[in-house]
Amino acid sequence: MKIICIGAGASGLFYALWAARFGHDVLLLESNEKAGKKMYITGKGRCNVTNDSSVKEHIQNVVRNPKFLYSAFSKWNAEDTIAFFNDRGCPLKTERGNRVFPVSDKASDVINCLWSECKKAGVRIQYRERVQSAAKENGRFVVKTMHGGYESDLLVIATGGKSYPQTGSTGDGYSFAKAFGHQIVYPVASLCPILIQEKPSRDMLDLTLKNVSLTAENASFKKSLFGDLEFLPNAVSGPIALTMSSLINRVGKVALSLDFKPALDEEKLNNRILREVAGAPNKDIRFLLSTMLPMAMLDFFFAKVNFDQGQALNSLTKEQRKILVASLKRFPLTFLGLDSIEKGIVTSGGVLVDEVNAKSMESKLVPGLYFIGEVLDVDAFTGGFNMQIAFSTAYAAASALNGF
Ligand SMILES: Cc1cc2nc3c(=O)[nH]c(=O)nc-3n(C[C@H](O)[C@H](O)[C@H](O)COP(=O)(O)OP(=O)(O)OC[C@H]3O[C@@H](n4cnc5c(N)ncnc54)[C@H](O)[C@@H]3O)c2cc1C
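All residue numbers refer to position in the chain's written sequence, counted from 1. Since the coordinates come from a predicted model, pLDDT governs what is reported: local features require at least 70, and pairs of side-chain atoms require 80 or more to be given and counted, while whole-chain, interface and lining totals use all residues.

Attention now goes to helix 13 (residues 385-400). Helix numbers and strand numbers start at the N terminus; a helix is a DSSP run of H or I with at least 4 residues, a strand a run of E with at least 2. How far a helix is expected to stretch is found by multiplying one less than its residue total by 1.5 Å. The terminal C-alpha atoms of helix 13, which comprises 16 residues, lie 22 Å apart, in line with the 22 Å expected from a rise of 1.5 Å per residue. Labels follow a simple rule on C-beta atoms placed from the backbone: if 20 or more others lie within 10 Å of a residue's own, it is buried; if 12 or fewer, it is exposed; otherwise it is partly exposed. Counted residue by residue, helix 13 has 14 buried out of 16 residues, so it is predominantly covered.

The following block contains the structure:
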């Protein structure tokens, strides 16, 4: 069977090597000058290839359409990914949170491994070949590029999402899918910074707030996440903000608040303040807060919580203590929205999965047409789950060619 796969990213490369191994003639068309351009920047250049956890845990870490991925994850799971790279000269190691990386800490080793397997299997590739349109005519797929046209029996769309477009994923796959009659769930950013009105100071930009809790809520939604938070000049970022962005990208406006002391309930925090006051009655309120917040946060805190910072602790009233406790437990941040889709680590939205066969990734509307990877309306939290989605959906599509 002659197959064209549009896109030589994580899913396209993985699909191509398996489809070619299964005896098919595969041509990859890639708009960039090299394969896997996005993969080079994954995991901060180290590529978190998968998460060493069960299919159930992978499903739990998928934000959109987890059930759709069950079959693909069952056919090709994290264990398979780990064995694949270990057996092919790219040994892997597991780090905190079961995140799996190459031992070399080089994303390029993952890409080289995939590409070398493609070459061994006889995959052909055309670089700098941006597909402009795709159609089915007289039972064959016809693909047009700047330089001419190609024909195939099967067509695989592995063009990725819309985030980080400089890596080649510019959302072209959505227009190809639409031309074939598929519906697209409106793409928005996922795993991106959350924009806030407050302006963090320069010192705060170097800070990681450890073990805090971020809450987002509105009339129909409430979620609190515990972990580390970072600040950007106009946004909150870091693990819990990124995860939160995936959960709120379709819930509209939310109120955001920070709990600086999630391990202490209000009573315990009040008692802690009382102890601090008793231990240093002649110190002032700024000193008190410096025992509970990083120094770099103090001005930011007091810009919102209106106190005479020089007030002596021995004159702190019960009412003032109450305000301090409430401010430390529910420090408000003004939500302005999510950062642009270009800044998302992944795209939420894409090809409507109801119109795709979950076992084979084949279109239910156009026989012989397949969608794999991030172009589909699936996305997951950080931790290697998104790369696993690319590999699992690619393998599901390739293995379906041979009826398994
Ligand atoms: C900064 C960053 C860090 C990340 N880190 C991780 C991580 O550590 N672990 C993890 O699991 N996930 C991570 N991800 C997410 C992960 O990279 C993606 O989910 C994954 O690459 C998706 O694979 P894909 O094959 O679907 O799309 P892509 O990898 O985006 O590949 C799509 C390919 O299609 C090509 N293409 C697009 N349109 C056309 C066209 N018209 N003609 C020809 N070619 C075309 C593109 O050039 C590109 O090469 C990260 C993402 C980013 C942005």
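Below, the discussion takes up the environment of Met39. For Met39, the position within the fold is in helix 2 (residues 37-41). Judged by the 22 C-beta atoms lying within 10 Å of it, Met39 falls in the buried class. In this structure the C-alpha to C-alpha distance between Met39 and Ser54, which are 15 residues apart in sequence, comes to 23 Å. Residue contacts for Met39: discarding those within four places in its chain leaves Gly9, Ala10, Cys47, Ala107, Val110 and Ile111. Remark: residues whose backbone-derived C-beta atoms lie within 7 Å of one another are considered to be in contact.

Right, let's get into the sheet that holds strand 1 (residues 2-6). Sheet strands associate in pairs through backbone hydrogen bonding, adopting either a parallel or an antiparallel arrangement. The parallel open sheet is built from five strands, whose spatial order is 7-2-1-11-21. With one partner strand each, in any of the chains shown, strand 7 (124-126) and strand 21 (369-371) form the two edges of the open sheet. Within this sheet the neighbouring strands show an average axis-to-axis angle of 20°, counted without direction. Here a strand pair is declared whenever DSSP counts at least two bridges between the two strands. Strand direction decides the pairing type here: strand 2 (residues 25-29) and strand 7, joined by three bridges, are parallel. When the sheet's bridge partners are listed, Leu27 is paired in strand 7 with Arg124. With axes taken as lines fitted to C-alpha atoms, and helix axes fitted only over the stretch in contact, angles between N-to-C directions fall between 0 and 180 degrees. Set on the sheet, helix 1 (residues 10-21) makes contact with strand 1, strand 2 and strand 11 (154-157); between it and strand 2 the angle comes to about 165°.

What follows covers helix 6 (residues 107-121). Taking 1.5 Å per residue as the helical rise, helix 6 with its 15 residues ought to reach 21 Å, and the 22 Å between its terminal C-alpha atoms agrees with that figure. Of the positions making up helix 6, those classed as buried are Ala107, Asp109, Val110, Ile111, Leu114, Trp115, Glu117 and Cys118. At its buried positions, helix 6 is contacted by helix 1, helix 2, helix 5 (78-87) and strand 6 (99-102).

Contacts to the ligand come from 39 residues, most closely from Gly7, Gly9, Gly160, Gly168 and Gly373. Elements represented by at least two residues in the shell around the ligand include exactly helix 1, helix 2 and helix 13. Put simply, Ala, Val, Leu, Ile, Met, Phe, Trp, Tyr, Cys and Pro go in the nonpolar bin, Asp, Glu, Lys and Arg in the charged bin, and everything else, Gly too, in the polar bin. For the shell around the ligand, the class distribution of residues is 15 nonpolar, 18 polar and six charged. To decide whether a residue is near a molecule or strand, its C-beta atom is placed from the backbone and checked for lying within 6 Å of it.

A few words on the domain arrangement of the protein. The parts lose accessible area when they come together, and the size of an interface is often stated as this lost area. The domain limits used here are those given by an automatic or database domain assignment. The domain architecture assigned to the protein consists of domain 1 (2-185 + 348-400) and domain 2 (193-339). The C-alpha-based centres of domain 1 and domain 2 are spaced at 40 Å. Its residues assigned to classes, the side of domain 1 that touches domain 2 comprises two nonpolar, two polar and one charged.

What follows is about the nonpolar core. Each nonpolar core consists of buried Ala, Val, Leu, Ile, Met, Phe, Trp, Tyr and Cys residues. Their C-beta atoms, within 7 Å, join them into a set. Among the nonpolar cores identified, the biggest contains 76 residues, and Phe14, Tyr15, Ala16 and Val156 are the most heavily contacted of them. For this core, the element with the highest residue contribution is helix 13, accounting for 10 residues. The contact partners of Tyr15, leaving out residues within four places of it in the chain, are Cys5, Val156, Ala158, Ile372, Ala394, Ala397 and Ala398. Counting 39 residues, the second largest nonpolar core, distinct from the first, contains Val236, Leu256, Leu289 and Leu333.

Moving on, we come to the environment of Asn218. Note that Asn218 resides in strand 14 (residues 208-218). Residues Asn218 and Asn270, 52 residues apart in the sequence, show an inter-C-alpha distance of 28 Å.

A separate point is unusual backbone geometry. The backbone of Asn65 sits at a positive phi, close to 55°, despite the residue not being glycine. With respect to the helices and strands, Asn65 occurs in the loop between strand 4 (62-64) and helix 4 (70-75). Assessed through the 19 C-beta atoms surrounding it within 10 Å, Asn65 is described here as partly exposed. Phi at Met361 is positive, roughly 65°, even though this residue is not glycine.

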